[in-house]
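Breakdown of the fold
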Amino acid sequence: MTSAGASGNAATVGGAAGGGVAGASGGASGAAAQGGSAGSVSMAPFSCTLVLGLFTTSQWFNGTNPGGASKTFLQDGVDATKWEGKMQKYSYAEKWADPKNALWDLPTQNPCAMSSTTPDRALFVGFSPMTKDQPGWEKLLNAVIANIQAKYPSVKAIDIVTMGRAPNNVLCSNNNDVDTVIAPYEDAAFDAVAAASNGLVKVGPKYYVPDCATSYIFANDSDYTTTASDYLATELATYYVAHP
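Residues numbered from 1 in each chain as written. Predicted model: local features only at pLDDT ≥ 70, side-chain atom pairs only at ≥ 80, totals over all residues. Heavy atoms only, no water.

1. Regarding the side chain of Thr49
As for its placement among the helices and strands, Thr49 is situated in strand β1 (residues 49-53). Of the polar contacts made by the side chain of Thr49, one reaches the side chain of Arg121; its length is 2.9 Å. Leave out the neighbours within four places in its chain, and Thr49 touches Lys82, Trp83, Glu84, Cys112, Arg121, Ala122 and Leu123. (Helix = DSSP H or I, 4+ residues; strand = E, 2+ residues; numbered from the N terminus. Polar contact = N/O pair within 3.5 Å; in protein donor to acceptor, adjacent residues only side chain to side chain. Contact = heavy atoms within 4.5 Å.)

Below, the structure is given as structure tokens:
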């Protein structure tokens, strides 16, 4: 198991399913964040979105180092006064699924200007090194969603996303960390949970690092370089500018 913290510059709604060349040399990337799944009624714009995630989430969200973005998600077109986060390394989905886990008590990073303690949307970035099937992922996601609702009853919408993906969601030849690729059963679980939520939950964008050669800060790991964090920040910011 690795130390995964999550984990054309514009994201395009409904764009290509990953760009770049999956291989040691990487190659120029045309990666675009894919639009989320249908199944929820838009209530945008939201006054405060709470991001729950991992170290790799904080790399693109607010530039946490090492490998943090030089131009973060908060600086890339979104209204930074309406976004806040709780993020920490090794914050696996199993931990967020536990209502008593200390992750829920983390200090809020970049508190929203309004409704900081009563956000009306949550964005959950899910990662697990242990759960390897669709039923297990559905159970985890449903537990996390129940906890969000219990702890933040003000939340009216929840986006769920995976970690960032290798180019084309194919394992790079220079990186053997399987957590850089999202398995079909994980995507299927995210879709199933959203479809069963009566509009509360939707699957947010699929997002991809730009290439294999320059995207990962350590060998055979999923933490990003600043180059990749910058790229992901723009992908995700572009999507959420269109989905405020």
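2. Considerations on helix α4 (residues 184-195)
For α4, which comprises twelve residues, the first-to-last C-alpha distance of 16 Å matches the rise-based estimate of 16 Å (1.5 Å per residue) to within 8%. All of the buried residues along α4 are Glu186, Asp187, Ala189, Phe190, Val193 and Ala194. When α4 is viewed along its axis, its buried side chains cluster within an angular range of 160° and face the same direction. Exposed positions of α4 whose direction lies more than 90 degrees from the buried face are Pro184 and Ala195. Elements in contact with the buried residues of α4: α3 (134-151), β4 (157-161) and β5 (201-203). (Expected span 1.5 Å × (residues − 1). Buried < 20%, exposed > 50% of the residue type's maximum accessible area, 1.4 Å probe, protein only. Arc of directions from axis to C-beta.)

3. Overview of the pairing of strand β2 (residues 83-87)
In terms of burial, β2 is largely enclosed, as five of its five residues are buried. Residues Trp83, Gly85 and Met87 of β2 are buried on one face, and the alternating residues Glu84 and Lys86, pointing to the opposite face, are buried as well. One ladder, built from five bridges, connects β1 with β2; its direction is parallel. Counterpart to Leu52 in the pairing with β2 is Lys86. With helix α1 (residues 55-61) bridging β1 and its parallel neighbour β2, the resulting β-α-β unit is right-handed. (Pairing = 2+ DSSP bridges. Right-handed = clockwise from strand over helix to strand, strands pointing away.)

4. Some thoughts on the packing of aromatic side chains
As enumerated under the stated definition, the model contains twelve aromatic pairs in all. Seen in terms of ring centroids, Phe61 and Phe73 are 5.8 Å apart; in terms of plane orientation they differ by 25°. Their pairing is stacked. Highlighted residues: Phe61 in helix α1 and Phe73 in the loop between α1 and β2, separated in sequence by twelve residues. Classification of Phe73 by relative accessible area gives buried; the value is 1%. A network of ring pairs unites the aromatic residues Trp60, Phe61, Phe73, Trp83, Tyr207, Tyr239 and Tyr240 as a single cluster. When the ring centre of Tyr90 is taken as reference, the NZ or CZ atom of Lys89 above it lies at 5.4 Å. Positioned over the ring face of Tyr92 is Lys95, at 5.4 Å from the centre of the ring. (Phe/Tyr/Trp six-rings, centres within 6.5 Å; stacked < 30°, edge-to-face > 60°. Lys NZ or Arg CZ within 6 Å of the ring centre and 35° of its normal.)

5. A closer look at the environment of Leu123
Looking at where Leu123 falls in the secondary structure, it is placed in strand β3 (residues 121-125). A C-alpha to C-alpha distance of 9.7 Å links Leu123 and Lys202, two positions 79 residues apart in sequence. The contact partners of Leu123, leaving out residues within four places of it in the chain, are Thr49, Leu50, Val51, Leu52, Trp83, Asp159, Val161 and Tyr240.

6. Details of the nonpolar core
Trp60, Phe61, Phe73, Trp83, Tyr207, Tyr224 and Tyr240 are the most contacted members of the largest nonpolar core, which has 30 residues in total. For this core, the secondary-structure elements that each account for two or more residues are α1, β2, β3 and α5 (226-242). Broken down by element, the residue count for this core peaks at seven residues, all from α5. Within the second largest apolar cluster, 27 residues are counted, among which are Leu50, Ala97, Ile158 and Val203. (Core = buried A, V, L, I, M, F, W, Y, C linked by side-chain atoms within 4.5 Å.)

7. Some points on the sheet that holds β3
Taken in spatial order, the five strands make up an open sheet running β2-β1-β3-β4-β5, and their pairing is parallel. Whereas interior strands pair on both sides, the edge strands pair on one side only; in this sheet they are β2 and β5. Going across the sheet, the axis of each strand differs from the next one's by a mean of 20°, ignoring polarity. Looking at chain direction, β1 and β3 are connected through four bridges and run parallel. Looking at β3, one finds that Leu52 is bridged to Phe124. (Axes fitted to C-alpha atoms, helices over the stretch in contact; angles between N-to-C directions.)

Limitation: the analysis is restricted to geometry and does not speak to function.
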